[in-house]
Structure formats: structure tokens, C-alpha cells
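For reference, the chains in residue letters:
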Amino acid sequence: MKTYRKRYINQLKNFRKYYLLLIIFSIIIFALCIHISIFQCFSPFEYKNTMSANNTYEMGTRYVDCSADTLYYTGYDYTKGSTVKGYYYYSLNNETCTIYLLSKKTVGSQPALIISDVFFTGKLVKNDSNLNNLLKYMSHDLKWNYNGIQKFSSDIIISECDYNIMLYVIISTLAIIIIIADAEFIIFIFINKKHFLRKK
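Remember, it's a predicted structure, so these values are computed and weren't measured experimentally.

Chemist: Go over the packing of aromatic side chains with me, naming the residues and quoting the values.
Modeler: One pass over the structure, following the stated rule, counts ten aromatic pairs. Judged by centre distance (6.4 Å) and plane angle (85°), the rings of Tyr78 and Tyr88 are edge-to-face. Placement of the pair is Tyr78 in strand 2 (residues 63–80) and Tyr88 in strand 3 (residues 83–93), with a sequence separation of ten residues. Assigned by exposure class, Tyr78 and Tyr88 land together as buried. With a centroid separation of 6.4 Å and 85° between ring planes, the pair formed by Tyr100 and Phe120 is classed as edge-to-face. You can see Tyr100 sitting in strand 4 (residues 96–103) and its partner Phe120 sitting in strand 5 (residues 114–126), a full 20 residues away along the chain. Each member of the pair, Tyr100 as well as Phe120, carries the same accessibility label: buried. The ring of Tyr57 carries Arg62 above its face, with NZ or CZ at 3.8 Å from the centroid.

Chemist: Break down the nonpolar core for me, with residues and values.
Modeler: In terms of nonpolar packing, the biggest core is built from 19 residues, with Leu71, Tyr89, Tyr100, Leu102 and Ile158 touching the most fellow members. Mapped by element, the contributors of at least two residues to this core are helix 4 (53–58), strand 2, strand 3, strand 4, strand 5 and strand 6 (153–159). Counting residues per element, this core draws most heavily on strand 2, which supplies five residues. Counting residues in each nonpolar core, the second largest holds 14 residues, with Leu22, Ile171, Ile178 and Phe185 among its members.

Chemist: I'd like a description of the pattern of salt bridges, backed by residues and values.
Modeler: A pair can form between side chains of opposite charge whenever their charged atoms are brought close. Going through the model one piece at a time under the given rule, you end up with one salt bridge. Of the charged contacts in the structure, one is a salt bridge between Lys126 and Asp155, with a shortest N-O distance of 3.1 Å. Of the two residues, Lys126 is situated in strand 5 and Asp155 in strand 6; the sequence distance between them amounts to 29 residues. When its relative accessible area of 24% is taken as the criterion, Asp155 is described as partly exposed.

Chemist: Just give me the short version of helix 6 (residues 129–141), but keep the residues and values in it.
Modeler: With 13 residues, helix 6 extends 19 Å from end C-alpha to end C-alpha; this agrees with the ideal 18 Å at 1.5 Å per step. Buried within helix 6 are the following residues: Leu131, Leu134, Leu135, Met138 and Ser139. For helix 6, the angular spread of the buried residues around the axis is 135°, confining them to a single face. If you follow the buried residues of helix 6, they end up packed against strand 2, strand 3, strand 4, helix 7 (146–151) and strand 6. Once helix 6 finishes, Lys143 follows within two positions and takes phi at roughly 55°, a positive value.

Chemist: How would you explain unusual backbone geometry if you had to name every residue and give the values?
Modeler: Trans peptide bonds make up most of the peptide bonds, and negative phi angles are found at most residues other than glycine. The residue Asn94 is not glycine, and still its phi comes out positive at about 55°. The class of Asn94 is exposed, set by a relative accessible area of 63%. One non-glycine residue, Lys143, lies in positive phi territory at about 55°. Tracing the chain through its elements places Lys143 in the loop between helix 6 and helix 7.

Chemist: A description of the side chain of Asn93 should follow, citing residues and the corresponding values.
Modeler: The residue Asn93 is located in strand 3 in this model. A polar contact is formed between the side chain of Asn93 and the side chain of Asn49, at a distance of 3.4 Å. Asn93 has contacts with Asn49 and Thr50, leaving out every residue within four places of it along the chain.

Chemist: Please give an account of the pairing of strand 5 that cites residues and values.
Modeler: In the sheet, strand 2 pairs with strand 5 via nine bridges, with the strands oriented antiparallel. Residue pairing in the sheet places Tyr63 in a bridge with Lys123 of strand 5. Pairing between strand 5 and strand 6: four bridges, direction antiparallel. The residue bridging Leu124 from the neighbouring strand is Ile158, located in strand 6.

Chemist: I'd like a rundown of the pairing of strand 3, residues and numbers included.
Modeler: Each regular strand shows side chains that alternate between the opposite faces of the sheet. As paired elements, strand 2 and strand 3 share six bridges and run antiparallel to each other. Pairing of Lys80 across the sheet is with Thr83, part of strand 3. One ladder, built from eight bridges, connects strand 3 with strand 4; its direction is antiparallel. The residue bridging Asn93 from the neighbouring strand is Thr96, located in strand 4. Taken together, strand 3 and the strand that follows it, strand 4, pair antiparallel across an intervening segment of two residues, in which Asn94 is found at a positive phi of about 55°.

Conventions and cut-offs
Residues numbered from 1 in each chain as written. Predicted model: local features only at pLDDT ≥ 70, side-chain atom pairs only at ≥ 80, totals over all residues. Heavy atoms only, no water. Phe/Tyr/Trp six-rings, centres within 6.5 Å; stacked < 30°, edge-to-face > 60°. Helix = DSSP H or I, 4+ residues; strand = E, 2+ residues; numbered from the N terminus. Buried < 20%, exposed > 50% of the residue type's maximum accessible area, 1.4 Å probe, protein only. Lys NZ or Arg CZ within 6 Å of the ring centre and 35° of its normal. Core = buried A, V, L, I, M, F, W, Y, C linked by side-chain atoms within 4.5 Å. Salt bridge = Lys/Arg side-chain N within 4 Å of Asp/Glu carboxyl O. Expected span 1.5 Å × (residues − 1). Arc of directions from axis to C-beta. Contact = heavy atoms within 4.5 Å. Polar contact = N/O pair within 3.5 Å; in protein donor to acceptor, adjacent residues only side chain to side chain. Pairing = 2+ DSSP bridges.

Here's what the structure looks like:
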């Protein structure tokens, strides 16, 4: 009995480091899943550009399947380094200007001044620093006061470029692996403890 008990205690000590790492990874992955609203990633809200982006965001929605009848090109591009990744468009509905960040996949390599019947999946991004800069540029182009254009603009960007389905799949896969590893470790501890009690 003493030999088995000693072996059982040694096994727990040997797996302590593994268990601590498992706990740390579990906390990180699950916190990340909560932060990005992982379940919403795969079931976006049906959004039309006649809706209010602010109200939709306040409802807790973070990802949308967006359909827009008419969008207008702002004249500004979204770049990373020297590479153009997307284009900023806007809509005017219910006396509110809403900004859309569309990828080259949706728009093409040459952005049209007006696009119609647009469908894409995107992320609602609140108070983005790029939005403030964009509104400043737009107010200058329109010879309008920045506070004036900000007053009639949504503080939400509907961004196709921020929706990364591959990233969400990877995070979901890691979460499933972590859950399985947690379950296996708990089963391992339970079985070994059960054997120890029998030996006792």
C-alpha cells in the first residue's frame, strides 16, 4: 500500500508542471474566446445598412453578415505598410454617416465611386483610431467642421478587413484541444485516486 501511495504521489508531482501549464493555457485561450466573442464569429448577425450600427453594437453584436444597397467611396484606402488592403466607403441613412472598410476581394483592385448590392461578413469596430483620422480628412475635403461631421457619423466601423475566419477557426480548435486535455487529466487523476483507494 505504501509503495502504491508513494508512486501515486510521485505521479502527481511529475504532472504538476504539466497541470499548471494546462491551467495557464486554458485561462489564456478561454479569455481570448470571450474577448473575441467566439460563438458570434461563426453565426454573424444579419445586418442591413438601413439599420443603426451603434444600436446593433450596443445589443452585444460584434460580427455581421452585412448587405448594403448603395455605398460611396470616401477616396481613402486602408493600407498596411505600403500595401493597400482595403477601401473606406460610407452610407447615408437616417441622417447618419456609417463607415465601411471593404477588402479588395469585395471591391476589386480599383475602387468604384459607387457600389451597389454589396454583401460581406464583417466585424463591428468601435472608436477605431483610423475612423477619427478618416473623419478629419473627410471634413477637410468637404470643407466642413470636424465636430460637425463627427456629430452625424456613427462611431462604429463595419470592417470586412477585421474579420479573420482562419484565426477564429484556429482559436476554436485550440480551445477544443484544451478542453480535451483538461478532461483527460481529470480522468487520469480520478482513475489513479480510485486505484489508490482500492489498494488502501
